[in-house]
Amino acid sequence: MTSLAHAPADPTDLVAARYGGNLPGLLGPVNQTLELLYNHRSIRQFEPTPLDEATLTSLIAAGQSAATSSNLQTWSVVEVRDPGHKDTVAALAGDQDFIREAPVFLVFVADWSRNRLIAEHRGEPTEGVEFIDSTLVSVVDAALAAQNTVIAAESLGLGTVYVGAVRNHVEELSELLELPDGAFPVVGLAIGRPRPDAAGSIKPRLPQSVVRHRERYAVPGTEALAEYDATLQAYYQAEGEPRGWIDAVVQRVRSRLSLHGRDRIRGVLERRGLPSR
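Residues numbered from 1 in each chain as written. Predicted model: local features only at pLDDT ≥ 70, side-chain atom pairs only at ≥ 80, totals over all residues. Heavy atoms only, no water.

Visitor: When you look at the overall build of the protein in this model, what are you seeing that I'm missing?
Guide: From N to C terminus, the protein includes 12 helices and four strands. Here the C-alpha radius of gyration of the protein, 20 Å, is about what a compact globule of 277 residues would show, namely 19 Å. By its C-alpha atoms, the protein is 60 × 45 × 40 Å across when sized along the principal axes. Taken across its 277 residues, the protein has 40% of its residues classed as buried. Summarising the internal contacts of the protein: among those between residues at least 6 apart in sequence, 76% fall at separations of at least 24. (Helix = DSSP H or I, 4+ residues; strand = E, 2+ residues; numbered from the N terminus. Rg over C-alpha atoms; globule rule 2.2 N^0.38 Å. Buried < 20%, exposed > 50% of the residue type's maximum accessible area, 1.4 Å probe, protein only. Contact = heavy atoms within 4.5 Å.)

Put into structure tokens, the structure is as follows:
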């Protein structure tokens, strides 16, 4: 089990906390893996303790144990430890200090460059890489590997936080990491031992009635969304940062400005050899 603080002892309490205090229904069998998943929370404060090479090797092995489309393995990961290098990466990824503080920052990369090179060595064309499905395949591969890495890290008592801001300056970060054409950063992952005061409470998610559809998609009612918004407002209030969910959603979707430069990714992909037609 993870050593993160404030974990309710009863797995039922973990699930209830995930839904703002309400169980979504009867629960099936619970084991240590499910407890670990229910107990997830992002960590943004890390102790300076280095992460040893053997542990990171184990975490990457867990990442590589994730499913991958047709076993094409269209992802890679760049490990960033050097403080100066990490500082430059952080500046391009939202200028967030926890990236600098974490002993290791991983950048998961959607990567068709390796497989394209294999075909080119055979003298074959690589047209299949140029379509949107190929881009999606590599993004999904990278995301699955990253999630496996998170679960493995938390099982060892480590803390993690995803960093989507690695896509804020895709071109500049790709150049800094010397990514070849056909590869681009999908998500970053800060990993380290959490400071004792790092772990907040479990963040509530949308009720299953909103995300779980039986046989056919059902548009959620405004009442259920409003109830969740109130639940999350109460959560953030308790964490000392009052804000709501609906306001955050509206802010994210109403303008390209909320993308912080990510609205340019389509053009960057084309310049990096992934037209995504």
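Visitor: Quick question: what am I supposed to make of the packing of aromatic side chains here?
Guide: Each aromatic ring pair is characterised by the separation of its centres together with the angle its planes make. Applying the stated criterion across every chain, the model contains three aromatic pairs. Judged by centre distance (5.1 Å) and plane angle (80°), the rings of Tyr 228 and Trp 245 are edge-to-face. Residue Tyr 228 is found in helix 10 (residues 222-238), and its partner Trp 245 is found in helix 11 (residues 245-253); the two are separated by 17 residues along the sequence. Given a relative accessible area of 7%, Tyr 228 falls into the buried group. Their ring planes at 65° and their centres at 5.2 Å tell us that Tyr 235 and Tyr 236 sit as a pair that is edge-to-face. Tyr 236 carries the same exposure label as Tyr 235, and that label is buried. Directly above the aromatic system of Tyr 236 lies the positively charged group of Arg 243, at a separation of 4.0 Å from the ring centroid. (Phe/Tyr/Trp six-rings, centres within 6.5 Å; stacked < 30°, edge-to-face > 60°. Lys NZ or Arg CZ within 6 Å of the ring centre and 35° of its normal.)

Visitor: Explain the pattern of salt bridges here, please?
Guide: For side chains bearing opposite charge, pairing can occur when the charged atoms are close. The full count for this structure, using the stated rule, is 12 salt bridges. Arg 100 is paired through a salt bridge with Asp 97; the nearest N and O atoms lie 2.8 Å apart. Within this pair, Arg 100 and its partner Asp 97 are both found in helix 5 (residues 97-101), separated by three residues, close to a single helical turn. The exposed category is assigned to Asp 97, whose relative accessible area is 55%. Among the ionic pairs, Asp 197 bridges to Arg 195, the shortest N-O distance being 3.5 Å. Connected through shared salt-bridge partners, Asp 87, Asp 95, Asp 97 and Arg 100 make up one network. (Salt bridge = Lys/Arg side-chain N within 4 Å of Asp/Glu carboxyl O.)

Visitor: Please explain helix 4 (residues 83-92) as it appears in this structure.
Guide: At 3.6 residues per turn, the α-helix brings residues three or four places apart onto the same side. When we look at burial in helix 4, the residues that qualify are Lys 86, Val 89, Ala 90 and Leu 92. The arc enclosing the buried residues of helix 4, seen along the axis, measures out at 160°, which places them on a common side. Structurally, helix 4 contributes buried residues whose contacts are with strand 1 (75-80), helix 5, strand 2 (104-111) and helix 8 (170-176). Two or three places before Gly 84, at the start of helix 4, stands the capping residue Asp 82, its side-chain oxygen 3.1 Å from that residue's backbone nitrogen. (Arc of directions from axis to C-beta. Polar contact = N/O pair within 3.5 Å; in protein donor to acceptor, adjacent residues only side chain to side chain.)

Visitor: What should I look at first to understand helix 10 in this one?
Guide: Here helix 10 contains 17 residues, and its C-alpha end-to-end distance of 24 Å stays within 8% of the 24 Å for a straight helix at 1.5 Å per residue. Among all positions in helix 10, only Tyr 228, Asp 229, Leu 232, Tyr 235 and Tyr 236 are buried. Projected down its long axis, helix 10 carries its buried residues within an arc of 120°, all on one side. Looking at helix 10, the residues exposed on the side facing more than 90 degrees away from the buried face are Glu 223, Gln 237 and Ala 238. Positive backbone phi, at 85°, marks Gly 240, one or two positions downstream of helix 10. (Expected span 1.5 Å × (residues − 1).)

Visitor: Whenever I open this one, the sheet that holds strand 1 confuses me. Can you help?
Guide: Two orientations exist for strands paired in a sheet by backbone hydrogen bonds: parallel and antiparallel. Read across the sheet, four strands follow the order 1-2-4-3 without closing on themselves; strand pairing throughout is antiparallel. At either end of the open sheet lies a strand with only one pairing partner, and these are strand 1 and strand 3 (159-163). Here the average twist between neighbouring strands, direction ignored, is 25°. Pairing between strand 3 and strand 4 (residues 183-192): five bridges, direction antiparallel. Residue pairing in the sheet places Tyr 162 in a bridge with Leu 189 of strand 4. (Pairing = 2+ DSSP bridges. Axes fitted to C-alpha atoms, helices over the stretch in contact; angles between N-to-C directions.)

Visitor: Can you walk me through the side chain of Arg 116 in this structure?
Guide: Assignment of secondary structure puts Arg 116 in helix 6 (residues 113-121). No salt bridge is formed by the buried Arg 116; its nearest oppositely charged neighbour, Glu 120, is found at 4.7 Å. Among the polar contacts listed, one links the side chain of Arg 116 to the backbone oxygen of Gly 273, at a separation of 2.7 Å. For Arg 116, the contacting residues outside a window of four places in its chain are Thr 126, Val 129, Asp 181, Gly 182 and Gly 273. (Lys, Arg positive; Asp, Glu negative; His and termini not counted.)

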